[in-house]
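# Chains, contacts and geometry: an overview
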Protein chains: 2
Amino acid sequence: MEMHQVRYFLAVCETLNFTRAAERCHVTQPALTRAIQKLEEEVGGQLFRRERNATHLTHLGQMVKPHLEQVLADSQAAMSTARAPSQCSGLR
Amino acid sequence: MEMHQVRYFLAVCETLNFTRAAERCHVTQPALTRAIQKLEEEVGGQLFRRERNATHLTHLGQMVKPHLEQVLADSQAAMSTARAPSQCSGLR
DNA sequence: CAATGTTACGATACACGTAATCATA
DNA sequence: TATGATTACGTGTATCGTAACATTG
């Protein structure tokens, strides 16, 4: 599992639309589709159910989603902690 | 930030030794060194202080570490949730 | 000189974008 | 036929491993 897969997954969760998720992530649909497919392989099942009108989360997707939200939140926390001015003085 | 950088970082945290961390991650030292360097660039500072005998975490590294432990834990939780037998029946 | 970390370099793999294809309303 | 997702294909970047180098006890 890689971070970009997590970002793409969460973007699809929010938009329920691969096209708009791709736009939001600044990539093309094919790139996003493949990343999601690869994530689904790793996870061992479908995360989304693609249907005529809309895209839904599967049960598996619903189970995984909160964990991946945490992954993203924690990685962002790590970055903002690091960039916080509080530690400009003591990097060692 | 990518997941493999997180794994490598935590391996160095635990071993305080690039060589053994690389072994644990099944990569060569050069690969691990470069991954850590790149992470340090992204974070904006040194994460480890390399010294004659040993390797220590810098203050920055100490601040970042718990967040990256969370990232790893959450990603593993996502995977084990997905693979748990509980949802063999209802993947949709 | 033994152990540890870094740099150089060529090769491989992976993610990307464009374009073509499929499916559906 | 228009919209949205996938597949095909060639390209570029980034990571990798091997090997050479640097540093230090």
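Predicted model, so just to flag it, every value in this text is computed and none were measured. (Residues numbered from 1 in each chain as written. Chains lettered and ligands numbered in written order. Predicted model: local features only at pLDDT ≥ 70, side-chain atom pairs only at ≥ 80, totals over all residues. Heavy atoms only, no water.)

## Regarding the protein's contact with DNA strand C
To keep it simple, the criterion reads: For each residue, the test is whether any non-hydrogen atom lies within 4 Å of the molecule or strand; if one does, the residue is near. Residues adjacent in sequence count toward polar contacts only when both atoms are side-chain atoms; beyond that, a polar contact is any pair of N or O atoms within 3.5 Å, and within protein one must be able to donate a hydrogen and the other to accept it. Every helix listed is a DSSP run of H or I at least four residues long, and every strand listed is a run of E at least two residues long, numbered separately from the N terminus. Note on residue categories: nonpolar means Ala, Val, Leu, Ile, Met, Phe, Trp, Tyr, Cys or Pro, charged means Asp, Glu, Lys or Arg, and polar means any other residue, Gly included.
Around DNA strand C sit 20 residues in total, of which Y8(A), R52(A), T33(B), Q37(B) and R50(B) are the nearest. T28(A) is positioned with one of its side-chain polar atoms (N or O) 3.0 Å from a phosphate oxygen of DNA strand C. Contact distances for DNA strand C include 2.8 Å between a phosphate oxygen and a side-chain N or O atom of Q37(B). Of all the secondary structure elements, the ones that give two or more residues to the surface near DNA strand C are α1 (3-15) and α3 (29-43) of chain A together with α2 (18-25) and α3 (29-43) of chain B. Per-element tally for the surface near DNA strand C: the top contributor is α3(B), with 5 residues. Classifying every residue of the surface near DNA strand C by side-chain character gives 6 nonpolar, 9 polar and 5 charged.

## Considering the environment of M3(A)
Heads up, the rule is: It only takes one pair of heavy atoms within 4.5 Å for two residues to be counted as in contact.
As for its position among the elements, M3(A) is in helix α1. Spatially, the C-alpha atom of M3(A) lies 11 Å from that of L39(A), the residues being 36 residues apart in sequence. Non-local contacts of M3(A), meaning those with residues more than four positions away in its chain, are made with V71(A), L72(A), S75(A), M1(B), E2(B) and M3(B).

## Overview of the packing of aromatic side chains
Here is the rule: Under the pairing criterion, centres of Phe, Tyr and Trp rings, with the six-membered ring standing for Trp, must be within 6.5 Å; the plane angle then separates stacked pairs below 30 degrees from edge-to-face pairs above 60, leaving the rest tilted. Under the scheme applied here, a residue whose accessible area is under 20% of the maximum for its type counts as buried, over 50% as exposed, and between as partly exposed, the area being computed with a 1.4 Å probe on protein chains only.
Scanning all chains against the criterion turns up 4 aromatic pairs over all chains. Seen from their ring centres, F18(B) and F48(B) are 6.1 Å apart, and the 75° between their planes marks the pair as edge-to-face. Placement of F18(B) in helix α2 and of F48(B) in strand β1 (residues 48-50) is noted, with a sequence separation of 30 residues between them. The same class applies to F18(B) and to F48(B), which are both buried. Feature note: the residues F9(A), F18(A) and F48(A) constitute an aromatic cluster, connected by ring pairs.

## Topic: the environment of N17(B)
Among the secondary structure elements, N17(B) is positioned in the loop between α1 (3-15) and α2. A polar contact is formed between the side chain of N17(B) and the backbone nitrogen of R20(B), at a distance of 2.9 Å.

## Concerning the packing of α2(B) against α3(B)
Residue and element names in this part refer to chain B. Just so we agree on the cut-off: Each axis is a line fitted through C-alpha atoms, taken for helices only over the stretch in contact, and angles between the N-to-C directions span 0 to 180 degrees. Here is the rule for angles: anything less than 35 degrees is roughly parallel, anything more than 145 is roughly antiparallel, 65 through 115 is roughly perpendicular, and the remaining ranges are oblique.
In contact at an axis separation of 8 Å, α2 and α3 are set at 100° when each is read in the N-to-C sense. Taken together, the axes of α2 and α3 lie roughly perpendicular to each other. On α3, the residues touching F18, T19, A21 and A22 of α2 are Q29, L32, T33 and I36. Of the residues belonging to the contact of α2 with α3, the class tally is 5 nonpolar, 3 polar and no charged.

## Some remarks on the protein's contact with DNA strand D
Contacts to DNA strand D come from 20 residues, most closely from T19(A), Q37(A), R50(A), Y8(B) and R52(B). In DNA strand D, atoms within 4 Å of the protein come 66% from sugar and phosphate. In this structure, a phosphate oxygen belonging to DNA strand D sits 2.8 Å away from a side-chain N or O atom of T33(A). In the model, a base nitrogen of DNA strand D is placed 3.2 Å from a nitrogen or oxygen of the R34(A) side chain. Taken together, the elements giving at least two residues each to the surface near DNA strand D come down to α2 (18-25) and α3 of chain A together with α3 of chain B. Take the surface near DNA strand D: its biggest share by element is 5 residues, from α3(A).

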